[in-house]
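Descriptive structure summary
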Amino acid sequence: MLTKKKTMGGCGSRDKDIREKLGLPQQEFDRALQKFNKISAIKPGNPGVSFTVEGLKSMFPENPQFAAKMFKLFPITDFLNFLIGFDLFARLSIKIQNHGLRNYDQITLFALVSFQYPDLSSQPNIQLQKISVTYSMAGKMFKELINMQSSKGQLLCKEDDLAPILLINTIFENHVSLDLATFLIKLKSELPQVNKIIKQHFQGKFFLKSQRIRVKDISSELLPTQLIGLFNLATPWFLKAQSLQMCYKYDGSEKFNFNKMANSLLGAKSPVIILFRHKDQAKEYVFGFFCSSYWRLSPDISGDRQSFIFSLTPRFKIFSHSSGEGQSKFALINPIITRKSSQHLSPRYKDSPGLGIGGSGYEQHRIWIDGRSLQGSWIKDEDKTFQPGSILGEDVYQLKIDNIEIWQLQVSAAGQSTTFFKSVGSNSFLSDSNMSNTRELNSPFAKRQILKSVPIIQEEEEDHKVQQ
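Parameters at a glance
Residues numbered from 1 in each chain as written. Predicted model: local features only at pLDDT ≥ 70, side-chain atom pairs only at ≥ 80, totals over all residues. Heavy atoms only, no water. 1 Å grid on protein atoms, 1.4 Å probe; cavity = no way out; pocket = protein on both sides within 12 Å on 5 of 7 lines; lining within 4 Å. Points joined across faces, edges and corners; volume = space filled by probe spheres on them. Nonpolar A, V, L, I, M, F, W, Y, C, P; charged D, E, K, R; others polar. Buried < 20%, exposed > 50% of the residue type's maximum accessible area, 1.4 Å probe, protein only. Helix = DSSP H or I, 4+ residues; strand = E, 2+ residues; numbered from the N terminus. Pairing = 2+ DSSP bridges. Phe/Tyr/Trp six-rings, centres within 6.5 Å; stacked < 30°, edge-to-face > 60°. Lys NZ or Arg CZ within 6 Å of the ring centre and 35° of its normal. Axes fitted to C-alpha atoms, helices over the stretch in contact; angles between N-to-C directions. Left-handed = near helix turned anticlockwise from the far one by under 90°. Contact = heavy atoms within 4.5 Å. pLDDT = per-residue confidence, 0-100. Patch = residues over 30% accessible without salt bridge, like charges linked within 9 Å, V, L, I, M, F, W, Y side chains within 5 Å. Areas by Shrake-Rupley, 256 points an atom, 1.4 Å probe, with all protein chains shown as cover. Salt bridge = Lys/Arg side-chain N within 4 Å of Asp/Glu carboxyl O. Lys, Arg positive; Asp, Glu negative; His and termini not counted. Charge placed at Lys NZ, Arg CZ, Asp CG, Glu CD.

1. Examining empty space enclosed by the protein
According to the stated counting rule, one finds 1 cavity of 30 Å³ or more in the structure shown. Here the largest cavity is characterised by a volume of approximately 50 Å³. Each residue belonging to the lining of the largest cavity can be placed in one class, and the counts come to 3 nonpolar, 1 polar and 4 charged.

Structure (structure tokens):
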């Protein structure tokens, strides 16, 4: 249980006793004390002793309702209880490991607060199987998970917005409600970064400013900011990225040029996310592929075990690499062959230009984006590289793509150190003169600098116009 002992937040000797009792580093302790005194000062005439719900809400402008729930369920009456209560999420203290609620991970505690489980601090042994979670409860909680990633305190979404609904569709499937234990198992399976995000959020808000989460805000028709929040919860890549930069856009206003799209992939210096929109009458579906490595031309494979297929609508779902039979085929680029480039490509692949994603062979893809006609593209529910399941819907096979966006995730050097980018360059499609120049370069990033000035694949020749 949280102690009821009242402790002044401004006494030097008492502060030292609290810090030593909890085992917090000095820097983290000092910032938490500063935050506590700021909140407490909102209560007129009694600063530094306790704080009001208005004070706590001022610290959660992006999630005022969650702040009110925290205030109601945790008896945070003084600075010591303030530290203990928020360290249950931040996990910085090395001396309160025996606290009853420390047995629960961050997302379980977050859910219990969000669902307003009564008198949480006095009931460390909670039977999760007996708590029922409905659509409405889940929507409010998902909204709070996404809003906590707001860097400037603004609301990223409401409970009936797109992102919570997409996640509800994935978690609940055909169920009207789920018990909390099952709900959390499914949630952590779909959002494996959720505990890390919650931990970092509370560390950044109360203890370490450097840990604050800053969701990327971009101008995209297919990837609104709240969906980037879902990607943060599902994969580490978006949190690593310092920014997102668009490197290709197709919206139907001009003829689709596959080689132009392929060049944007081959020229990328960092991981990329490809977004496709399939539009069938009044229905719109968004899906895509994330590639964590350099792109190379067929017959070489692009991608690695950190790459994945995803669905955004009608549900948010990531299809990760699966250890199936045979060699994994993450992605293949077969370019449109031109006069100047035909001598560089194996004759075996000249008749099927396009982008193949997934599969176990050169013709067994999960997704095929046809290089000559987008209307020839298709999608399947399973392959031998990625996890099985319906990406768009069981009745969707032939794709009608009307919008494509490709974004580079600008990852720092430290973020790239564990990826394919550190040691592997690209198998570029160059003319003979450019090929000879690249032999003199040792760094794969130095190779990319040469590629900036010339097309990697010839994009325009009169005898090979790419038709929409």
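2. Things to note about the pairing of strand β8 (residues 331–334)
Here β8 shows two buried faces, one formed by Ala331 and Ile333 and the other by Leu332 and Asn334. Where β8 lies against strand β9 (residues 354–357), 4 bridges are found, and the strand directions are antiparallel. By the bridge assignment for β9, leucine 332 is matched with glycine 356.

3. Describing the packing of aromatic side chains
Taken as a whole, this structure holds 32 aromatic pairs when the rule is applied. Relative to phenylalanine 202, the ring of phenylalanine 89 has its centre 4.4 Å away and its plane inclined at 15 degrees; by these criteria the two rings are stacked. A residue pair is termed long-range when its members are at least 10 positions apart, and phenylalanine 89 in helix α5 (residues 79–90) and phenylalanine 202 in helix α10 (residues 194–206) qualify at 113 residues. Neither residue differs from the other here; phenylalanine 89 and phenylalanine 202 are each classed as buried. Summarising the aromatic geometry, the rings of phenylalanine 290 and phenylalanine 308 are spaced 5.0 Å apart at their centres and angled 20 degrees between planes, so their arrangement reads as stacked. Of the two residues, phenylalanine 290 is situated in strand β5 (residues 283–291) and phenylalanine 308 in strand β6 (residues 308–313); the sequence distance between them amounts to 18 residues. On the accessibility criterion, phenylalanine 290 (0% relative accessible area) is buried. Taking the relative accessible area as the measure of exposure, phenylalanine 308 reaches 4% and is therefore buried. Aromatic ring contacts, followed pair by pair, group Phe29, Phe36, Phe60, Phe66, Phe79, Phe82, Phe86, Phe89, Phe110, Phe202 and Phe206 into a single cluster. Across from the ring centre of phenylalanine 60, 5.0 Å away, lies the NZ or CZ of lysine 205, which sits over that ring.

4. Some words on the packing of helix α8 (residues 162–172) against helix α9 (residues 180–190)
α9 packs onto α8 with a crossing angle of 120 degrees between their chain directions and a minimal axis gap of 10 Å. Both α8 and α9 take part in a crossing whose hand is right-handed. Judged by residue contacts, Leu167, Thr170, Ile171 and Phe172 of α8 engage Phe183, Lys186, Leu187 and Glu190 from α9. Residue composition of the contact of α8 with α9, by class: 5 nonpolar, 1 polar and 2 charged.

5. Overview of the confidence of the model for the protein
When pLDDT is averaged along the protein, the result is 79; 76% of the residues meet or exceed 70. In the predicted structure, residues 1–10 sits below a pLDDT of 50 and forms 35 contacts with residues beyond four places in sequence or in another chain. In the predicted structure, residues 417–455 sits below a pLDDT of 50 and forms 77 contacts with residues beyond four places in sequence or in another chain.

6. Focus on a negative patch on the surface
On the surface, a cluster of negative charge is made up of Asp381, Glu382, Glu394 and Asp395. Its place among the elements puts aspartate 381 in the loop between β11 (378–379) and β12 (401–411). Taking the relative accessible area as the measure of exposure, aspartate 381 reaches 30% and is therefore partly exposed.

7. Here's the deal with the pattern of salt bridges
Under the counting rule described, the total for this entry stands at 13 salt bridges. With a shortest N-O distance of 2.9 Å, lysine 188 and aspartate 105 are connected by a salt bridge. Pair noted here: lysine 188 is in helix α9 and aspartate 105 is in the loop between α5 and α6 (106–114), with a separation of 83 residues, a long-range link. What makes lysine 188 partly exposed here is its relative accessible area of 33%. Between glutamate 284 and lysine 279 there is a salt bridge whose closest N-O contact spans 3.5 Å. Residue glutamate 284 is classed as partly exposed on the basis of its relative accessible area, which comes to 39%. Note on lysine 279: relative accessible area 35%, which makes it partly exposed. One network of salt bridges, in which partners are shared, links Arg277, Lys279, Glu284 and Asp402.

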